[in-house]
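Next come the chains, spelled out residue by residue.
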Amino acid sequence: MTVWDDLVGQERVSEQLAAAARDADAFVTAAASDAPPPEASRMTHAWLFTGPPGAGRNQAARAFAAALQCVSPDRALGGAPGCGFCDGCHTALVGTHADVSTVAAVGSQILVEAMRDTVRKSFTAPANGRWQVILVEDAERLNEKSANAVLKAVEEPAPRTVWLLCAPSVEDVLPTIRSRCRHLVLSTPSVEAVADMLVRREGIEPDVAAAVARATQGHVDRARRLATDPAARARRAVVLKLPLRVEDVGGALRAAQELVDAAAEDAKQLAEERDGKETEDLKAALGAAQGGRLPRGTAGAVKDLEEMQKRRRTRTQRDSLDVALADLTSFYRDVLALQLGSRIALANTDAEDALERLARSSTPESTLRRIEAIAACGEALDRNVAPLLAVEAMTMALRAG
């Protein structure tokens, strides 16, 4: 199993990255033996991965990082880097490799404070890996200062440093940055490709894999979570019942409150899994005894961590609401397909009775207005409108039709 096996439906991108990894391996090998480097190379110092949500931008970048750090002995025998089993591949994939630094947005932006140490590290030689790899998972969230810091590092990189930037589209990245990157476009994988991955990699029953792949319309991460997490399936079932619960004002407001509460509970559960361990690890690193007081002058570091965790919980709640809005949009898209007599396959076959009921009781025009109301809710959340207010406005608009 190579590092490219997780790139579902991205065969062309996998081939390009594999070729670049081979040239990168040849470059490092030649440098170690004082041999002349290859004249032509498909490797470059900065890459930009773009594609729609669920296409696997971050997975592609991390797989490439693993291939660059591959230390499999098979390479000397003609094997391609990216075996997926060696220490270099494994630690890069799980995020513990000393020479693979990952930057992701905690809140709505990547602040310059989060980039300074990473940019500084990018100018150093690899500690024990073959390359110094900087992976920016949310490049579209770089603000002006942090983007300028990245630009300076990308303009004049160290010889063995590689920048991997991920964003939804090329327009989401500063022109001065994207002009210095090699651009790779990932596409939404087919429903069949996602279902096949779930069967092969997760051991999911074929009929269940096909259903969740169809429900998520090729979003790999959401399909995997729906297939393996009963709580995720329960939350989706609640969301798909919402269109039938907004027939009166009271029902619309209750549905909004429950949707926001469910997102907050999801964020809380994820935070409980991470925050406690992070806090204890930091206190241990600062020299605090188990259950004891912090050394003098270190309380500020703990406070900074707590503020970061608070921003992350807010972001997680927003992400959970985004998933709910995507499910609602998919539901009404199916309603519209039934109203127009379209032959496209329905995404939400498990809610077919509700789809047919709404299709009979409303018009295509009202369905389009409801889809627009869901999009308006997402835009309001982007503008930091209070989640409950934004969702209440949406459910009232769904009621009005």
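Anyway, here's the lowdown on the structure attached to this text. (Residues numbered from 1 in each chain as written. Predicted model: local features only at pLDDT ≥ 70, side-chain atom pairs only at ≥ 80, totals over all residues. Heavy atoms only, no water.)

Considering the overall build of the protein chain
Thinking step 1. Tallying secondary structure elements over the protein chain gives 15 helices and 5 strands in all.
Thinking step 2. The buried share among the 401 residues of the protein chain stands at 46%.
Thinking step 3. Partitioning the intrachain contacts of the protein chain with sequence separation of at least 6 by distance along the chain shows that 72% fall at a separation of at least 24.
Thinking step 4. When the accessible area of the protein chain is evaluated, it comes to approximately 20,200 Å², of which 53% is carbon and sulfur surface. (Helix = DSSP H or I, 4+ residues; strand = E, 2+ residues; numbered from the N terminus. Buried < 20%, exposed > 50% of the residue type's maximum accessible area, 1.4 Å probe, protein only. Contact = heavy atoms within 4.5 Å. Areas by Shrake-Rupley, 256 points an atom, 1.4 Å probe, with all protein chains shown as cover.)

Notes on the pattern of salt bridges
Close approach of charged atoms lets side chains of opposite charge pair.
Thinking step 1. Applying the stated criterion across every chain, the model contains 16 salt bridges.
Thinking step 2. Of the charged contacts in the structure, one is a salt bridge between R180 and E155, with a shortest N-O distance of 3.1 Å. Of this pair, R180 sits in the loop between α6 (175–178) and β5 (182–185) while E155 is found in helix α5 (residues 144–155), placing the two residues 25 residues apart along the sequence.
Thinking step 3. On the accessibility criterion, R180 (31% relative accessible area) is partly exposed.
Thinking step 4. With a shortest N-O distance of 3.5 Å, D221 and R224 are connected by a salt bridge. Separated by 3 residues within a single helix, D221 and R224 lie in helix α9 (residues 220–228), roughly one turn from each other. (Salt bridge = Lys/Arg side-chain N within 4 Å of Asp/Glu carboxyl O.)

Topic: unusual backbone geometry
Thinking step 1. A positive phi angle is found at Q217, which is not glycine, with a value near 55°.
Thinking step 2. Taking relative accessible area as the criterion, Q217 reaches 40% and is therefore assigned partly exposed.
Thinking step 3. With phi around 65°, N384 is a residue other than glycine that occupies positive phi space.
Thinking step 4. Relative to the helices and strands, N384 is located in the loop between α14 (364–382) and α15 (387–400).
Thinking step 5. Residue class for N384 comes out exposed when judged on its relative accessible area of 65%.

Observations concerning the packing of α9 against helix α10 (residues 230–241)
Thinking step 1. At a minimum axis separation of 5 Å, α9 and α10 run at an interaxial angle of 105°. If you check the angle between α9 and α10, you find them roughly perpendicular. Residue-level inspection shows R225, L226, A227 and T228 of α9 in contact with α10, the latter providing P230, A232, R233, R235 and R236.
Thinking step 2. Its residues assigned to classes, the contact of α9 with α10 comprises 4 nonpolar, 1 polar and 4 charged. (Axes fitted to C-alpha atoms, helices over the stretch in contact; angles between N-to-C directions. Parallel < 35°, antiparallel > 145°, perpendicular 65-115°, else oblique. Nonpolar A, V, L, I, M, F, W, Y, C, P; charged D, E, K, R; others polar.)

Let's talk about helix α7 (residues 191–202)
Thinking step 1. When the terminal C-alpha atoms of α7 are compared, their 16 Å separation across 12 residues agrees well with the 16 Å that a helix rising 1.5 Å per residue should span.
Thinking step 2. If you check which residues of α7 are buried, you get V194, A195, M197 and L198. The arc that holds the buried residues of α7, viewed along the axis, is 155°, so those residues lie on one side. Facing away from the buried side of α7 by over 90 degrees, the exposed positions are E192 and R200.
Thinking step 3. Taken together, the buried residues of α7 touch α8 (206–216) and α9.
Thinking step 4. Two residues or fewer after α7 comes G203, characterised by a positive phi angle close to 70°. (Expected span 1.5 Å × (residues − 1). Arc of directions from axis to C-beta.)

Examining the sheet that holds strand β3 (residues 132–136)
Thinking step 1. Taking strand neighbours across the sheet as the criterion, the 5 strands line up as β2-β3-β4-β1-β5 in an open arrangement whose pairing is parallel. Since the sheet does not close on itself, it has two edges, and those belong to β2 (100–103) and β5, each with one partner. Strand-to-strand twist in this sheet, taken as the mean axis angle between neighbours without regard to direction, amounts to 15°.
Thinking step 2. Note: strand β1 (residues 46–50) against β5, 4 bridges, orientation parallel. Within β5, the position partnered with F49 by the bridge is L184. (Pairing = 2+ DSSP bridges.)

Some details on the nonpolar core
Thinking step 1. Counting 36 residues, the largest nonpolar core has W4, L17, W47, F49, F64 and L164 as the members making the most contacts within it.
Thinking step 2. Secondary-structure elements contributing two or more residues to this core are α1 (11–32), β1, α2 (57–68), α3 (87–94), β3 and β4 (161–167).
Thinking step 3. Residue contributions to this core peak at 8 residues, all from α2.
Thinking step 4. Ignoring any residue separated from it by four or fewer positions in sequence, one finds F64 in contact with W4, L17, A20, A21, M43, W47, F49 and L164.
Thinking step 5. The next biggest cluster of nonpolar side chains, apart from the first, holds 33 residues, and it includes A252, A255, A256 and A390. (Core = buried A, V, L, I, M, F, W, Y, C linked by side-chain atoms within 4.5 Å.)

Some thoughts on the layout of surface pockets
Thinking step 1. Volume-wise, the second largest pocket comes out at about 500 Å³.
Thinking step 2. Every residue lining the second largest pocket is counted, 18 residues in all, and those nearest its centre are T102, V103, A104, V106 and A114.
Thinking step 3. Put simply, the parts of the chain that give the lining of the second largest pocket at least two residues each are β2, α4 (112–122) and α12 (299–340).
Thinking step 4. Each residue belonging to the lining of the second largest pocket can be placed in one class, and the counts come to 8 nonpolar, 6 polar and 4 charged. (1 Å grid on protein atoms, 1.4 Å probe; cavity = no way out; pocket = protein on both sides within 12 Å on 5 of 7 lines; lining within 4 Å. Points joined across faces, edges and corners; volume = space filled by probe spheres on them.)

Looking at the environment of S366
Thinking step 1. Within the secondary structure, S366 sits in helix α14.
Thinking step 2. On the basis of relative accessible area, S366 is assigned to the buried category, the value being 8%.

Here we look at the packing of aromatic side chains
Thinking step 1. Under the criterion given, the structure shown has 3 aromatic pairs.
Thinking step 2. Considering the side-chain rings of W47 and F64, the 5.0 Å spacing of their centres and the 70° angle between planes classify their relative orientation as edge-to-face. Note that W47 is positioned in strand β1 and F64 in helix α2, a separation of 17 residues in sequence. As far as the burial class goes, W47 and F64 line up, both buried.
Thinking step 3. In this structure, R182 packs its charged tip against the face of W47, placed 5.2 Å from the ring centre. (Phe/Tyr/Trp six-rings, centres within 6.5 Å; stacked < 30°, edge-to-face > 60°. Lys NZ or Arg CZ within 6 Å of the ring centre and 35° of its normal.)

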